[in-house]
Amino acid sequence: MNTPTVRKAAPADADAILTLVDALADYEKLKRPDSEAKKRLINDMFSERPRINAFLGEYEGKPAGYAFVFETYSSFLALPTLFLEDLFVLPQYRSKKIGYALFTAMVAE
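Residues numbered from 1 in each chain as written. Predicted model: local features only at pLDDT ≥ 70, side-chain atom pairs only at ≥ 80, totals over all residues. Heavy atoms only, no water.

Draft legend 1. Representation of the overall build of the protein chain within the structure. Within the protein chain one finds 3 helices and 4 strands. Listed by position from the N terminus, the elements making up the protein chain come as β-α-α-β-β-β-α. For a compact globule of 109 residues, the expected C-alpha radius of gyration is about 13 Å, and the protein chain comes in at 14 Å, within 12% of that figure. With the principal axes as the frame, the protein chain shows a C-alpha extent of 40 × 35 × 25 Å. (Helix = DSSP H or I, 4+ residues; strand = E, 2+ residues; numbered from the N terminus. Rg over C-alpha atoms; globule rule 2.2 N^0.38 Å.)

Set out below in structure tokens:
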């Protein structure tokens, strides 16, 4: 039985991440990010002080989905919190528990 895996994205995953972001835009019938936005996204993800973290969900070793998260802060709780910006799984990989694996990994994070 094939089990999805989740791992933190690395700079070598930039093309896969951008492909998945384009797929989300297509799925939502939105305009894809332009080349400048894509450059900013990758820079904000992999710079010395990343603004967002990306996690890849893989199935049979292939990128099948992703989650983008970043830390925010609750003044009332005086605690950091993790904000889930995107969680997306390619349609052909749905029903293979990749979304569940990504969500569970983000809860653990």
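Now that the structure has been shown, the text picks up again.
Draft legend 2. Structural detail: the packing of helix α1 (residues 14-27) against helix α2 (residues 35-46). One way to put it is that α1 packs onto α2 with a least axis distance of 11 Å and a crossing angle of 125°. With respect to α2, the element α1 is oriented oblique. Considering only the axes of α1 and α2, their crossing is right-handed. Between α1 and α2, the residues in contact are A14, I17, L18, V21 and D22 and K38, L41, I42, M45 and F46, respectively. Of the residues belonging to the contact of α1 with α2, the class tally is 8 nonpolar, no polar and 2 charged. (Axes fitted to C-alpha atoms, helices over the stretch in contact; angles between N-to-C directions. Parallel < 35°, antiparallel > 145°, perpendicular 65-115°, else oblique. Left-handed = near helix turned anticlockwise from the far one by under 90°. Contact = heavy atoms within 4.5 Å. Nonpolar A, V, L, I, M, F, W, Y, C, P; charged D, E, K, R; others polar.)

Draft legend 3. Region of interest: the nonpolar core. Judged by nonpolar contacts, the single largest core of 28 residues is most densely connected at I17, L41, M45, Y66, F68, Y93 and I98. Within the residue set of this core, elements represented by two or more residues are α1, α2, β2 (53-59), β3 (62-74), β4 (79-89) and α3 (98-108). With 7 residues, the top contributor of residues to this core is α1. Residues in contact with Y66, not counting those within four places in the same chain, are L20, V21, L24, F55, L56, G57, D86, L87, F88 and L102. (Core = buried A, V, L, I, M, F, W, Y, C linked by side-chain atoms within 4.5 Å. Buried < 20%, exposed > 50% of the residue type's maximum accessible area, 1.4 Å probe, protein only.)

Draft legend 4. Summary view of the pairing of β4. Of the strand pairs in this sheet, β3 and β4 are connected by 10 bridges, and their pairing is antiparallel. Looking at β4, one finds that S74 is bridged to L79. (Pairing = 2+ DSSP bridges.)

Draft legend 5. Quick peek at α1. Taking 1.5 Å as the rise per residue, α1 with 14 residues should run 20 Å; its terminal C-alpha atoms sit 20 Å apart, in good agreement. Those residues of α1 not exposed but buried are A14, I17, L18, L20, V21, D22, A23, L24 and A25. In the core, the buried residues of α1 are packed alongside α2, β2, β3 and β4. Following α1 by one or two positions, K29 has its phi on the positive side, about 60°. (Expected span 1.5 Å × (residues − 1).)

Draft legend 6. Representation of α2 within the structure. Over its 12 residues, α2 runs 17 Å from end to end, which matches the ideal 16 Å to within 8%, given 1.5 Å per residue. Of all the positions in α2, only K38, L41, I42 and M45 are classed as buried. Projected onto a plane normal to the axis of α2, the buried residues spread over an arc of 90° and lie on a single side. Of the residues in α2, the exposed ones pointing more than 90 degrees away from the buried face are K39 and R40. Two or three places before E36, at the start of α2, stands the capping residue D34, its side-chain oxygen 3.1 Å from that residue's backbone nitrogen. (Arc of directions from axis to C-beta. Polar contact = N/O pair within 3.5 Å; in protein donor to acceptor, adjacent residues only side chain to side chain.)

Draft legend 7. Examining the sheet that holds β3 more closely. In space, the 4 strands of this open sheet follow the order β1-β2-β3-β4, with antiparallel pairing throughout. For this open sheet the edge positions go to β1 (5-8) and β4, each flanked by a neighbour on one side alone. Adjacent strand axes in the sheet meet at a mean angle of 25° when their direction is disregarded. Relative to β3, β2 runs antiparallel, the two sharing 7 bridges. If you follow E58 over to β3, its bridge partner there is P63. Sheet strands in contact with α3 are β1, β2, β3 and β4, and its direction is about 170° off that of β4.

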